[in-house]
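An overview of the molecular structure
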Amino acid sequence: MVLSSADKLEKTQELLRNLIRREKVIVIAYSGGKDSTVVLDLTIKTILDNNFKNKIVILHGDTLVENPIIHDHASNVINKVHSFLLTKGIEVEVKICKPEKDRTFWVNLIGKGYPLPNHRFRWCQKHLKIKPAEKAISEFQEGIMLLGMRLDESIDRKRSMLKRIDGFKMGYRGNLPVYAPLAYWTEEEVWEYLLRESSPWGEDYLEVVRIYKEARGECPLIPSNNKSLSACGSRFGCWVCTLVKEDKSLKNQIKNNQTLAPLYEFRNWLINFCSKPENRTGYNRKGIYLGYGRGTLTIKARKKILEKLEKLQEDTKMGLISREEKDIILHIIEQEELRTERNL
């Protein structure tokens, strides 16, 4: 049986009421994107409408190399939600999941010489996202976790979800059972909800709409024939992401925000620079020879990247690399140079 949008919304609301009624701690994975925004919205409304007394935990992943626009938007929303919930007497905790200081993108790339992430070696996902989230989730011994995942996001997402999903339940993360309240929603239904509703904390969702629209380019959110809103399916990630051939979202955002242009240009330079055979040692970090033009980045290349990155930070006035990261990088390189000298 095909459910209408109204039926899907009702089932999602019923699910949330049942879950929140029986669980004390509600962990919401919030990225700042459209799906997690709807989950956050519906969860808070469910608690307020039913006078539930739960603790809300907002779990947000910060890779330290996030798209600046979505990063600022997510931070702004989290601060507003936190303040709002406190005024309502609702217990709330914000947990920002960041990579370990010796496992950040720049420490791995420049300090340790990792090659740029690719589809065969996606070290960024493990160190910047998965491990920080696992560490945060491991602290909870009770409660549930809510994710903004949908079956129709992509073929890969659907295949992955179908292996685990049971109704709305997606298995466990640590001790927490995981649920996907929007599992059966379409993208059009997500946009229709955001365009129709206002947030519990007192503002509409036009900022979310604007961000996606600018990332997609010229994209009518509500076509005159109202057939589809799917043209706004842009995804956001790290501004240095090398798992896509071209970062179309960042490129489109530049049309409305020229401050992003230097980041886009640096990202493209970085891909080209790291692919040059003379900038690779030929060996992996275990000392196994892989062949000319492969393996880790040379010390000379890593120093060049650091130099360019610091210049980019100075020019843009953005916090692209911390002092602590730089100190760790320089220490790693210094130790590597000393070992090289001893072996000569």
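Thresholds applied
Residues numbered from 1 in each chain as written. Predicted model: local features only at pLDDT ≥ 70, side-chain atom pairs only at ≥ 80, totals over all residues. Heavy atoms only, no water. Helix = DSSP H or I, 4+ residues; strand = E, 2+ residues; numbered from the N terminus. Rg over C-alpha atoms; globule rule 2.2 N^0.38 Å. Buried < 20%, exposed > 50% of the residue type's maximum accessible area, 1.4 Å probe, protein only. Contact = heavy atoms within 4.5 Å. Areas by Shrake-Rupley, 256 points an atom, 1.4 Å probe, with all protein chains shown as cover. Lys, Arg positive; Asp, Glu negative; His and termini not counted. Charge placed at Lys NZ, Arg CZ, Asp CG, Glu CD. Patch = residues over 30% accessible without salt bridge, like charges linked within 9 Å, V, L, I, M, F, W, Y side chains within 5 Å. Salt bridge = Lys/Arg side-chain N within 4 Å of Asp/Glu carboxyl O. Phe/Tyr/Trp six-rings, centres within 6.5 Å; stacked < 30°, edge-to-face > 60°. Pairing = 2+ DSSP bridges. Axes fitted to C-alpha atoms, helices over the stretch in contact; angles between N-to-C directions. Core = buried A, V, L, I, M, F, W, Y, C linked by side-chain atoms within 4.5 Å. Right-handed = clockwise from strand over helix to strand, strands pointing away. Polar contact = N/O pair within 3.5 Å; in protein donor to acceptor, adjacent residues only side chain to side chain.

Section: the overall build of the protein chain
- Scanning the protein chain from N- to C-terminus turns up twelve helices and six strands.
- By the compact-globule yardstick of 20 Å for 344 residues, the protein chain fits well, its C-alpha radius of gyration being 22 Å.
- The buried share of the protein chain, reckoned over its 344 residues, is 50%.
- Sequence-distant contacts, at least 24 apart, represent 68% of the contacts inside the protein chain between residues at least 6 apart.
- Of the roughly 18000 Å² of accessible surface on the protein chain, 49% is carried by carbon and sulfur atoms.
- The centroid of the 58 positive side-chain charges in the protein chain is displaced by 5 Å from the centroid of its 46 negative side-chain charges.

Remarks on unusual backbone geometry
- A positive phi is found at N51, a non-glycine position, where the angle reads about 55 degrees.
- Mapped onto the elements, N51 comes out in the loop between α2 (34-49) and β2 (55-61).
- Despite not being glycine, L64 has its phi angle at roughly 75 degrees, a positive value.
- Residue position: L64 is located in the loop between β2 and α3 (68-87).

Quick notes on a nonpolar patch on the surface
- Taken together, the side chains of Y283, Y289 and Y292 make up a nonpolar region of the molecular surface, amounting to roughly 410 Å² of accessible area.
- Inspection of the secondary structure assignment puts Y283 in the loop between α10 (261-275) and α11 (299-316).

Thoughts on the pattern of salt bridges
- According to the stated counting rule, one finds 24 salt bridges in the structure shown.
- Between R159 and D156 there is a salt bridge, with its nearest N and O atoms 2.9 Å apart. Of this pair, R159 and D156 both sit in helix α6 (residues 155-162), three residues apart, which is roughly one turn of the helix.
- Look at R159 and you get partly exposed, because its relative accessible area is 45%.
- The class of D156 is exposed, set by a relative accessible area of 56%.

Looking at the packing of aromatic side chains
- In this structure the tally under the stated criterion is 14 aromatic pairs.
- Aromatic pair W106 and W239: ring centres 6.2 Å apart, planes at 50 degrees, arrangement tilted. With W106 in helix α4 (residues 105-111) and W239 in the loop between α8 (206-216) and α9 (248-253), this pair connects stretches of sequence that are 133 residues apart.
- With a relative accessible area of 3%, W239 lands in the buried category.
- In textbook terms, an aromatic cluster arises when at least three aromatic residues are bridged by ring pairs, as seen for F105, W106, Y114, F121, W123, W239, F266, W269 and F273.

Things to note about the sheet that holds strand β4 (residues 144-146)
- Here we have six strands laid out as an open sheet, ordered β3-β2-β1-β4-β6-β5, and mixed in their pairing. Each edge of the sheet is formed by a strand with only one pairing partner; in this case those strands are β3 (91-97) and β5 (169-173). Going from strand to strand, the sheet's axes swing by 25 degrees on average, the running direction of each strand aside.
- Here α2 sits on the sheet and contacts β1 (25-29), β2 and β4; the angle it forms with β1, its principal contact strand, is near 160 degrees.

Thoughts on the nonpolar core
- By size, the foremost hydrophobic cluster in this structure holds 60 residues, and its most contacted members are L40, M145 and L146.
- M145 has contacts with V27, A29, L59, I137, R173, L176, P177, V178 and Y179, leaving out every residue within four places of it along the chain.
- Judged by nonpolar contacts, the second largest core, of 41 residues, contains I70, I110, W123 and L250.

Examining the environment of Y30
- Along the chain, Y30 falls in the loop between β1 and α2.
- Spatially, the C-alpha atoms of Y30 and L59 are 5.9 Å apart, while their sequence positions differ by 29 residues.
- Setting aside residues no more than four positions away along its own chain, Y30 makes contact with S36, T37, L40, I58, L59, H60, H73, A74, V77 and I78.

Here's the deal with the pairing of β5
- Looking at chain direction, β5 and strand β6 (residues 176-179) are connected through three bridges and run antiparallel. In the strand pairing of β6, Y172 is matched with P177.
- A loop of two residues connects β5 with β6, the two strands running antiparallel in sequence, and G174 in this loop sits at a positive phi of about 65 degrees.

Details of the pairing of β3
- As judged from the seven bridges shared by β2 and β3, these two strands associate in the parallel manner. Each bridged residue has a counterpart across the sheet, and for V57 the counterpart in β3 is E93.
- Remark: the β2/α3/β3 crossover connection has right-handed handedness.

With respect to the side chain of R150
- As for its placement among the helices and strands, R150 is situated in the loop between β4 and α6.
- R150 gets classed as buried once you look at its relative accessible area, which sits at 1%.
- Within the structure, R150 has its side chain in polar contact with the side chain of D35 (distance 2.8 Å).
- Leaving out residues up to four positions away in the same chain, R150 has contacts with K34, D35, R157, M161, L182, A183, W185, T186, E187 and V190.

As far as function goes, none of this settles anything; it's purely spatial.
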